[in-house]
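A look at the structure
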Amino acid sequence: MHDQELTTIAEFSNSRTFRKRDTEMEKGQGGIQMLLAAEQEAQQIIAAAKAGYWCSSAAKATRVKEAKEEAEREVAEYRAKCESEFRKKLAESNGDSGSNIKRLDREMKRKIENLKEQASKVSPQVVNLLLKYVTSVKN
């Protein structure tokens, strides 16, 4: 029996060793499986990133086109606003030119009146001076 016990102990020991090895191999295979799964996941991420890159490139092109159109629209609005302000000021200045003409006319009339007043003050003296030179005979 002793041999039989030894055989049983050896078998038990071997089976335990095999189980331990099997477990380690399973862990190793599990690790390999984990690595393979991680590699597949990484490939999927890379593929999605590449697909996203091309999409984002197209999206960038679309966004650039939209930004250009938006800028053109803003420039057109600004140009229209500036032209509107210019026309408004032009209309005001044309209206002002009428008021400017009236203002200049009033100033001119005042100056003419001032000149008439000054001329009327000195007119008798000028007439006397002219008569004196015209009527006097020089030899």
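Below is a short write-up of the structure. (Residues numbered from 1 in each chain as written. Predicted model: local features only at pLDDT ≥ 70, side-chain atom pairs only at ≥ 80, totals over all residues. Heavy atoms only, no water.)

**A word on the overall build of the protein**
Note the following rule: Runs of E in the DSSP output that reach at least two residues are strands. Runs of H or I that reach at least four are helices, and both are numbered from the N terminus. Relative accessibility under 20% of the residue-type maximum defines a buried residue, over 50% an exposed one, and the middle range a partly exposed one, all with a 1.4 Å probe and only protein chains included. Per-residue and other accessible areas follow the Shrake-Rupley method at a 1.4 Å probe size, with only the shown protein chains counted as cover for residues.
Counting its regular elements, the protein contains one helix and zero strands. The 139 residues of the protein split such that 0% are buried. Entry remark: accessible area of the protein is about 13200 Å², with carbon and sulfur atoms responsible for 59%.

**Description of the pattern of salt bridges**
Condition: By definition, a salt bridge exists where a carboxyl oxygen of Asp or Glu is found within 4 Å of a side-chain nitrogen of Lys or Arg.
Applying the stated criterion to the full structure yields four salt bridges. Across the salt bridge formed by Glu66 and Arg63, the nearest N and O atoms sit 3.9 Å from each other. Here the residue Glu66 and the residue Arg63 both occupy positions in helix H1 (residues 2–135), the gap between them amounting to three residues, near one helical turn. Judged by its relative accessible area of 41%, Glu66 is partly exposed. With a closest N to O distance of 3.6 Å, Asp105 and Lys109 form a salt bridge. With Asp105 and Lys109 both in helix H1, this residue pair falls four residues apart, about one helical turn.

**Some remarks on a nonpolar patch on the surface**
As a reminder, the rule being used: Residues qualify for a patch when their relative accessible area is over 30% and they have no salt bridge, like charges being joined within 9 Å and the nonpolar side chains of Val, Leu, Ile, Met, Phe, Trp and Tyr within 5 Å.
On the surface, Val122, Val126 and Leu130 cluster together to form a nonpolar patch covering roughly 250 Å² of accessible area. Tracing the chain through its elements places Val122 in helix H1.

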